[in-house]
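Listed here are the chains, written in short residue letters.
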Amino acid sequence: MNGEKTERRMSRREFLGLSALGLGISLIGARPVAAARAASPDEVAILYDPVKCVGCKACQMACKRWNRLPAESTDPLGIYESPRDLSAITWNIIKLRRTQTGWHFFNYQCMHCTDAACVEVCPTGALAHDPLGFVALNRDRCNGCGYCTQFCPYGVPHLRVENALTGAAKSAKCTFCQDRLWEGIGGPACAEVCPVGALAWGRRGELLEKAWARVAELHARGMDVRIYGETEAGGLHRLSILLDEPEQYGLPSAPKTPAFARAWQRIIQPLGNVAFGAALLGILGAFLFVRRKIRMEEVK
Amino acid sequence: MTVQLKGKPEVVTIQWIPKYTFMERLGHWLHTATFIPLAITGMILYFPFLEPLAQGEAGLFVRLVHRVAAVIFGLLPIIYYIVEPRRLLLHIREFLPRKEDIGWLKAAPAYYLLGKHEAMPPQGRFNAGEKLNGLMMIITWFIFGITGVPMWFGKGVIPPEIFRWLVVFHDLAMIVSVCMLMVHLYLAVAHPLMWAGLVSMRFGVTSAEYAAEHHAKWYYGPKRAMEIWEAKKREGAHH
């Protein structure tokens, strides 16, 4: 009777210990869930004004020069866009968009989302927010998995593949000229070089004020304009004035981290951790239980 | 030094009988030798606390290991069944669902936790649990292949919307298969009742007494195994 009691007390203690262990195992794997962040006015941003833009592509060239990106051969189709889209070696381009109100230039680069899908899915921490708010890329950390290229709602990051067979690759995208900013050289090369002030950089709060003033001015001139990037994806660090609806520019009107990225990292992965914890716990419990119940001497 | 033995010393002679062929064991261990590196290198991208191993040069190496292991892991069953087509037929026959599988499911808790075998109907060379494990391995092998190959070669070719699903299903297959591996490892290495399992996967033989106890349908044949089991049940009812 006494012995039986001791055995039961042992079991309970073991049960509690095992529960704590299982919980610990599930928590070790838990991804810290970042609280929804809003872009702060003190962060930096770039503002693009298509009414000022003359499509000279100085921004495109300055980006290539500063980031030492090689030239790209393009298709000679007589199209103004050259190259046609962003790539691993082209991080900034002037696109020509035909909207219902006519032909418009649009400077395309990383939108530097606050709620950034690439940062969410990056397994190495190579893509992360700079304290100044934009999305920086640490090439040394990148392992070339390419998840960012598949989850970005703007299709911005591209893989620079070094070896297709071994998978050696590095992600590449606009870094907001993080090096220039932190070395005190100046702002992003594209914005610094723009001869007409179509690209401007500065504190995000001040740029937004400037953008709203500009919108009011253009409205007064009878133009139908809107700001893109104030609230999209938690607030972009590349603000744009648009002469038509975002869709006409090929921009998502409600860019979001794909629901799947969230389901994947915030539901399936934690559930997986619970499954691993439960399996380990069950096995440990079974091990301790069976050891007491089944005697090897009696096993055939 | 002398050792005092309590009671009569007893010599147990084990009669060994063949259970797995050399090729079956080779296949099993190559599968192990590729699945474990795959799981470890995969988990490096899965668990945030392993992030340092995923970064930079280490990360590139991890991805290379994952790819080399994946090629062998993917081709292994195909090569095995090309080399041994008759085993394919045998394995299909052995893994088909049978009536005794339901009996196994009912009797398994008492059997594995308390060592009570009375309610366990005679099982074939693979019992219902091994069949379930095998079935899940086949399913997850397909999922790993269907999702993994496009994740390797399909970036920029397949639409991102589809790619995102692939990553998630690759993860789900990993969660399921790693949980199964943990249970499999426990039963193979630490469960007292299953002592001959690891021996037979290493040396190809099992104890005749063990086979009669755990795989009666295979050891005696279906008819004889049922007769023995029914007789045992009647005997048990009298007591």
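Rules and cut-offs
- Residues numbered from 1 in each chain as written.
- Chains lettered and ligands numbered in written order.
- Predicted model: local features only at pLDDT ≥ 70, side-chain atom pairs only at ≥ 80, totals over all residues.
- Heavy atoms only, no water.
- Helix = DSSP H or I, 4+ residues; strand = E, 2+ residues; numbered from the N terminus.
- Areas by Shrake-Rupley, 256 points an atom, 1.4 Å probe, with all protein chains shown as cover.
- Pairing = 2+ DSSP bridges.
- Axes fitted to C-alpha atoms, helices over the stretch in contact; angles between N-to-C directions.
- Contact = heavy atoms within 4.5 Å.
- pLDDT = per-residue confidence, 0-100.
- Buried area = accessible area lost by both parts, 1.4 Å probe.
- Salt bridge = Lys/Arg side-chain N within 4 Å of Asp/Glu carboxyl O.
- Polar contact = N/O pair within 3.5 Å; in protein donor to acceptor, adjacent residues only side chain to side chain.
- Disulfide = S-S within 2.5 Å.
- Buried < 20%, exposed > 50% of the residue type's maximum accessible area, 1.4 Å probe, protein only.
- Lys, Arg positive; Asp, Glu negative; His and termini not counted.
- Patch = residues over 30% accessible without salt bridge, like charges linked within 9 Å, V, L, I, M, F, W, Y side chains within 5 Å.
- Phe/Tyr/Trp six-rings, centres within 6.5 Å; stacked < 30°, edge-to-face > 60°.
- Core = buried A, V, L, I, M, F, W, Y, C linked by side-chain atoms within 4.5 Å.

Moving on: the overall build of chain A. Broken down by element type, chain A carries eight helices and ten strands. Surface summary for chain A: the accessible area is close to 14,800 Å², and the carbon and sulfur share equals 57%.

Bringing the sheet that holds strand S1 (residues 44–48) of chain A into the picture now. Residue and element names in this part refer to chain A. In spatial order, the strands read S8-S1-S10-S9; together these four strands make up an open sheet with mixed pairing. Every other strand in the sheet has two partners, leaving strand S8 (199–203) and strand S9 (226–228) as the edge strands with one partner each. The sheet shows a mean angle of 25 degrees between the axes of neighbouring strands, direction not considered. Note: S9 against strand S10 (residues 238–242), three bridges, orientation antiparallel. Paired with Tyr-228 across the two strands is Ser-240, which belongs to S10. Along the sheet face, helix H7 (residues 204–220) touches S1, S8, S9 and S10 and points at about 135 degrees away from the line of S8.

Residues of chain B with pLDDT of at least 70 account for 95%, and the chain-wide mean is 92. Here helix H11 (residues 222–238) of chain B is the element of chain B with the lowest mean pLDDT, 88, and helix H1 (residues 22–46) of chain B is the one with the highest, 96.

The next subject is the interface of chain B and chain A. At the interface, 49 residues of chain B touch 48 residues of chain A. Summed over both sides, the interface of chain B with chain A buries roughly 4,100 Å², with 69% coming from carbon and sulfur. Three residues stand out in chain B for area buried against chain A, namely Leu-45, Arg-164 and Tyr-186 of chain B, and they jointly supply 14% of the buried area on that side. Our count for the chain B to chain A interface comes out at zero salt bridges. Summed over the shared surface of chain B and chain A, the result is eleven residue pairs in polar contact (both at pLDDT 80 or more). When contributions to the side of chain B that touches chain A are tallied by element, the ones reaching two or more residues are H1, helix H2 (51–54), helix H3 (56–83), helix H5 (99–114), helix H6 (128–153), helix H7 (160–189) and helix H9 (208–214) of chain B.

Residues and elements named next belong to chain A. Summed over the entire model, instances satisfying the criterion amount to zero disulfides over all chains. We note that Cys-113 lacks a disulfide partner, and the nearest cysteine sulfur, in Cys-152, lies 6.3 Å from it. On the accessibility criterion, Cys-113 (9% relative accessible area) is buried.

A word on the side chain of Lys-19 of chain B. All names here are of chain B. On the secondary structure map, Lys-19 appears in the loop between strand S1 (16–18) and H1. The buried charged residue Lys-19 lacks any salt bridge, with Glu-130 as its nearest oppositely charged partner at 4.9 Å. One polar contact links Lys-19 to Tyr-20, side chain to side chain, over a distance of 3.5 Å. Excluding residues within four positions of it along the chain, Lys-19 makes contact with Glu-24, Arg-125, Ser-200, Gly-204, Val-205, Thr-206, His-215 and Trp-218.

With that settled, the discussion passes to the pairing of strand S3 (residues 102–108) of chain A. For S3 of chain A, the buried fraction is high: five of the seven residues fall into the buried class. What sits between the antiparallel neighbours strand S2 (residues 93–99) of chain A and S3 of chain A is a turn of two residues.

Our focus in this paragraph is the environment of Arg-180 of chain A. Residue and element names in this part refer to chain A. Positionally, Arg-180 belongs in helix H5 (residues 178–183). Taking relative accessible area as the criterion, Arg-180 reaches 10% and is therefore assigned buried. Sequence-distant contacts of Arg-180, defined by excluding residues within four places in its chain, comprise Trp-66, Ile-185, Gly-186, Gly-187, Pro-188, Ala-189 and Glu-192. Of the polar contacts made by the side chain of Arg-180, one reaches the backbone oxygen of Gly-187; its length is 2.7 Å.

Residues and elements named next belong to chain B. Taken together, Leu-64, Val-68, Val-71, Ile-72, Leu-75, Ile-78, Ile-79, Ile-82 and Val-83 make up a surface patch of nonpolar side chains, about 760 Å² in accessible area. Looking at the secondary structure, you find Val-68 in helix H3. Given the relative accessible area of 48%, Val-68 is considered partly exposed.

With that out of the way, let us pick up the packing of aromatic side chains. Under the definition given, this model contains 21 aromatic pairs over all chains. Pairing Phe-134 of chain A with Phe-176 of chain A gives two aromatic rings, centres 4.6 Å apart and planes at 5 degrees, and the pair type is stacked. Remark: Phe-176 of chain A occurs in the loop between strand S7 (168–172) and H5 and Phe-134 of chain A occurs in the loop between strand S4 (127–129) and strand S5 (135–137); sequence separation between them is 42 residues. Here Phe-134 of chain A matches Phe-176 of chain A in class, with each residue buried. Summarising the aromatic geometry, the rings of Trp-165 of chain B and Phe-169 of chain B are spaced 5.9 Å apart at their centres and angled 15 degrees between planes, so their arrangement reads as stacked. Separated by four residues within a single helix, Trp-165 of chain B and Phe-169 of chain B lie in helix H7, roughly one turn from each other.

A word on the nonpolar core. With 61 residues, the main nonpolar core has Phe-106, Tyr-108, Tyr-154, Leu-199 and Leu-251 of chain A as its most contacted residues. Ala-286 of chain A together with Met-43, Trp-141 and Met-151 of chain B belong to the second-largest nonpolar core, a separate cluster that totals 51 residues.

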